Structure formats: C-alpha cells, structure tokens
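# A closer look at the structure
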Amino acid sequence: MILQIIKYGENILHKKCQKIKKNILFEGLFENMFNTLLEYMFNTLLKHEGVGLAAPQIGISLRLFIINSFDSRKNIFLNPKIFKQFGVYKEYCEGCLSLPKSFYRIKRKEIILIEYFDSKWRRHNLYIKGFLARVILHEHDHINGKLLRVKI
C-alpha cells in the first residue's frame, strides 16, 4: 500500500512528535500493526523516489523515520536523539516529499552522533558522516516540527 504524503501547510508538520513507548508498541496486535506501517512507509518512500520519510509526513505524530540507503538497506529510527554535530557546515541542495518540486540550500554539519532504536528495539549509538548524516538531520527536523526554510 502507498500512503498519502502530507504536504506543507498541514499542522502536523509543524509540531514536535511524541516519543514511542516500547511497552505499548511491542505488545501483540500493535507489533503487527507497526510492522505493517513500516512496510507501507517503505513502499511510499520508494514510490515517490525519496531517500527518507518521517512519520509526520504520513500524518502520524511519532518520533519515527526511515531511510532507504543506496545499498538497499532499510534503516528504521525510533526515538532518535542527535547528541552532537561535528565538522564544518556544508551547503547542499535538499528536496522534501512534503514540499514537492522545491529545492532548498541548507547548511548542515557533516558528522553526527545519534542514538536510536531499531525495529527490534535494539539501542544504537553511532557516528555518521556525509550524505547519510544529512538525510538523518533532515528527517530528524521533521519529527521536531521543522521544515526546510531557504528556497533557491
């Protein structure tokens, strides 16, 4: 199933999302529903030829985003926290599925330290650099109610 992408102007895109609670998510029916949601999110991301998709972009106010890596890995980030950003700011042209056909010059640091849980509720603490760090920062902005701001 392909989900509808929420477009700019909708309130959910401007609100900080709720933290996911493990005890609620991973009990019986909810776990099956969650796995189906992830499948639908990846289907939607691929259909729209995106790199990342955050839950508020499909109308769900949860601290969750996914990234489809170029090596075909499906990365799932639950309750992510960015602890630190390193390096110099690099400017790059970014697009967003919620702002179709628009591109923005955004400056972001090139290295991040992130903590998150995967779909099996395993904790990860990673240093990530380059393009993947940029995508994570973009999706992390979404779950914090921030959208791209500087149009080119």
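Residues numbered from 1 in each chain as written. Predicted model: local features only at pLDDT ≥ 70, side-chain atom pairs only at ≥ 80, totals over all residues. Heavy atoms only, no water.

A separate point is the environment of Y116. When you line up the elements, Y116 lands in strand 4 (residues 99-117). The class of Y116 is buried, set by a relative accessible area of 9%. Sequence separation between Y116 and K15 is 101 residues, and the spatial gap between their C-alpha atoms is 20 Å. Those residues in contact with Y116 that sit more than four places away from it in its chain are I76, F77, L78, N79, P80, R122, R123, H124 and L126. (Helix = DSSP H or I, 4+ residues; strand = E, 2+ residues; numbered from the N terminus. Buried < 20%, exposed > 50% of the residue type's maximum accessible area, 1.4 Å probe, protein only. Contact = heavy atoms within 4.5 Å.)

Turning next to the sheet that holds strand 4. Ordered in space as 1-2-3-4-5, the five strands form an open sheet in which the pairing is antiparallel. The sheet terminates laterally at strand 1 (52-54) and strand 5 (123-129), the two strands that pair on one side only. Between one strand axis and the next, the sheet turns by 45° as a mean value, whatever way the strands run. Sheet topology places strand 1 next to strand 2 (residues 64-68); three bridges connect them, and they run antiparallel. Across the sheet, G52 pairs through a bridge with I67, a residue of strand 2. Taken strand by strand, helix 3 (residues 131-143) contacts strand 1, strand 2, strand 3 (74-96), strand 4 and strand 5, and its axis lies near 115° from that of strand 3. (Pairing = 2+ DSSP bridges. Axes fitted to C-alpha atoms, helices over the stretch in contact; angles between N-to-C directions.)

The subject of this paragraph is the confidence of the model for the protein chain. Residues shown with low pLDDT carry predicted positions that ought not to be read at fine detail. Chain-level statistics for the protein chain give a pLDDT mean of 90 and a share of 91% at 70 or above. Between the elements of the protein chain, mean pLDDT differs from a low of 70, seen in helix 1 (residues 22-25), to a high of 97, seen in strand 1. (pLDDT = per-residue confidence, 0-100.)

Another point: the state of the cysteines. One pass over the full model with this rule turns up zero disulfides. Here C96 is not cross-linked by a disulfide; its sulfur's nearest cysteine counterpart is in C93, at 12 Å. (Disulfide = S-S within 2.5 Å.)

Turning our eyes to something else, we now look at the pattern of salt bridges. Considering all chains together, one arrives at seven salt bridges under this definition. Residues K90 and E110 are paired through a salt bridge, measuring 3.7 Å at the closest nitrogen-oxygen approach. Of this pair, K90 sits in strand 3 while E110 sits in strand 4, placing them 20 residues apart in sequence. According to the relative accessible area criterion, K90 is partly exposed, its value standing at 43%. (Salt bridge = Lys/Arg side-chain N within 4 Å of Asp/Glu carboxyl O.)

The next thing to look at is the pairing of strand 3. Regular strands have side chains that alternate between both faces of the sheet. Relative to strand 3, strand 2 runs antiparallel, the two sharing five bridges. Within the sheet, the bridge partner assigned to L64 lies in strand 3 and is L78. Where strand 3 and strand 4 come together, 14 bridges link them in antiparallel fashion. Considered in strand 4, the bridge of G95 is made with F103. If you look at the hairpin formed by strand 3 and strand 4, you'll find two residues sitting between the two strands.

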